[in-house]
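# Geometric and topological summary
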Amino acid sequence: EALWKRYRDQKRPGRISSKLRQAMGLSEGQLPPWCTKMKTVGLPPSYPDLKIAGLNWDIENLRGEVYGTLKGPGATKTT
Amino acid sequence: MNASVNNPETTVYVGNIDPTVTKEDLYELFVQVSPVAGIRYPKDKVLQVHQGFAFVEFYTSEDCQYVIQLMNNCVQLYERTLKVRRANAQQSGDAA
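Residues numbered from 1 in each chain as written. Chains lettered and ligands numbered in written order. Predicted model: local features only at pLDDT ≥ 70, side-chain atom pairs only at ≥ 80, totals over all residues. Heavy atoms only, no water.

### Topic: the overall build of chain A
Within chain A, the regular secondary structure consists of 3 helices and 2 strands. By residue count, 35% of the 79 residues in chain A fall in the buried class. A separation threshold of at least 6 residues defines the contact pool for chain A, and within that pool the share at least 24 residues apart is 44%. Accessible area of chain A: about 4600 Å², with a carbon and sulfur share of 50%. (Helix = DSSP H or I, 4+ residues; strand = E, 2+ residues; numbered from the N terminus. Buried < 20%, exposed > 50% of the residue type's maximum accessible area, 1.4 Å probe, protein only. Contact = heavy atoms within 4.5 Å. Areas by Shrake-Rupley, 256 points an atom, 1.4 Å probe, with all protein chains shown as cover.)

### Overview of the overall build of chain B
A tally of regular secondary structure across chain B gives 3 helices and 6 strands. In sequence order, chain B lays out its α and β elements as β-α-β-β-α-β-β-β-α. Relative to its 96 residues, chain B shows a buried fraction of 50%. Contacts spanning at least 24 positions in sequence make up 64% of the contacts within chain B whose residues lie at least 6 apart. Entry remark: accessible area of chain B is about 4400 Å², with carbon and sulfur atoms responsible for 49%.

### A short note on the nonpolar core
Met24(A), Trp34(A), Leu29(B), Phe30(B), Val36(B), Met71(B) and Leu77(B) are the most contacted members of the largest nonpolar core, which has 44 residues in total. Per element, the largest residue contribution to this core is 6 residues, and it comes from helix 2 (residues 61–71) of chain B. The residues touching Trp34(A), leaving out its near neighbours within four places in the chain, are Ile16(A), Met24(A), Tyr67(A), Leu29(B), Gln32(B), Val33(B), Leu70(B), Met71(B), Cys74(B) and Val75(B). (Core = buried A, V, L, I, M, F, W, Y, C linked by side-chain atoms within 4.5 Å.)

### Here we look at the interface of chain A and chain B
The interface is formed by 32 residues belonging to chain A together with 30 residues belonging to chain B. Summed over both sides, the interface between chain A and chain B buries roughly 2800 Å², with carbon and sulfur atoms accounting for 61% of that surface. Run the count over chain A and chain B and you get 4 salt bridges. At the level of elements, helix 1 (2–10), helix 2 (18–24) and helix 3 (34–41) of chain A are the ones that each hand at least two residues to the side of chain A that touches chain B. In terms of residue count, helix 1 of chain A provides more of the side of chain A that touches chain B than any other element does, 5 residues in total. A class-by-class count of the residues in the side of chain A that touches chain B yields 17 nonpolar, 7 polar and 8 charged. (Buried area = accessible area lost by both parts, 1.4 Å probe. Salt bridge = Lys/Arg side-chain N within 4 Å of Asp/Glu carboxyl O. Nonpolar A, V, L, I, M, F, W, Y, C, P; charged D, E, K, R; others polar.)

### Quick notes on the pattern of salt bridges
For the structure shown, the criterion picks out 5 salt bridges over all chains. The shortest N-O distance in the salt bridge between Glu24(B) and Lys11(A) comes to 3.1 Å. With Glu24(B) in helix 1 (residues 23–30) and Lys11(A) in the loop between helix 1 and helix 2, this pair bridges two chains. For the salt bridge of Glu65(A) with Arg15(A), the shortest nitrogen-to-oxygen distance reads 3.8 Å. In this pair, Glu65(A) sits in the loop between strand 1 (50–52) and strand 2 (68–70) while Arg15(A) sits in the loop between helix 1 and helix 2, placing the two residues 50 residues apart along the sequence. Look at Glu65(A) and you get partly exposed, because its relative accessible area is 25%.

### Concerning the state of the cysteines
Applying the stated criterion across every chain yields a total of 0 disulfides over all chains. Unpaired in this structure, Cys35(A) has its nearest cysteine sulfur neighbour in Cys74(B), at a distance of 8.7 Å. A residue is classified by how much of its surface remains accessible, and Cys35(A), at 1% relative accessible area, is buried. Given the relative accessible area of 15%, Cys74(B) is considered buried. (Disulfide = S-S within 2.5 Å.)

### Structural notes on the side chain of His50(B)
All names here are of chain B. Inspection of the secondary structure assignment puts His-50 in the loop between strand 2 (36–40) and strand 3 (53–58). Accessibility expressed as a relative area gives 17% for His-50, which makes it buried. The contact partners of His-50, leaving out residues within four places of it in the chain, are Pro-19, Val-21, Tyr-41, Pro-42 and Lys-43.

These results come straight from atomic positions and should not be treated as a statement about function.
Printed below as a string of structure tokens:
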């Protein structure tokens with residue numbers, strides 16, 4: 001469906017919109033709560049190229065809505 | 001009715017969701033940690049409000065395991081802590 005496609009295009013790992021941030025009580029430039037857990041649990045198996053600020057990416061990159069980035073082949077995984 | 005979310009091996013149950021949370025919010029949240037294959041987020045037929053739980057399907061059971069470990073009791077949406085568990089076959093079916 002069209003709605004689902006729009007989600008896929010707009011929502012990316014590493015970026016959390018201000019709407020969702022508000023729901024989570026997370027301000028801009030703040031790391032989401034699961035990032036600390038990733039230190040013990042590990043990085044996502046399906047995002048081998050995921051970079052997270054403060055974990056495996058320079059903490060300087062943490063700003064605004066962005067806390068991480070996903071590049072490379074893992075980024076466009078589809079059915 | 002909804003064939004897109006039906007594999008219990010790759011599906012997690014998410015509970016304690018505030019009714020104002022949208023399907024879009026859930027997608028945005030879970031896509032942060034694994035690619036999402038589908039979401040079933042039922043509404044009460046009469047009241048037209050969400051019932052506080054959802055089923056989120058991933059592509060592999062490995063992803064599913066990982067998400068349960070990482071996200072259970074981790075995130076709060078509107079001050080309610082999300083519960084993430086393995087979905088069982090009965091719950092993820094349409095019969096209830």
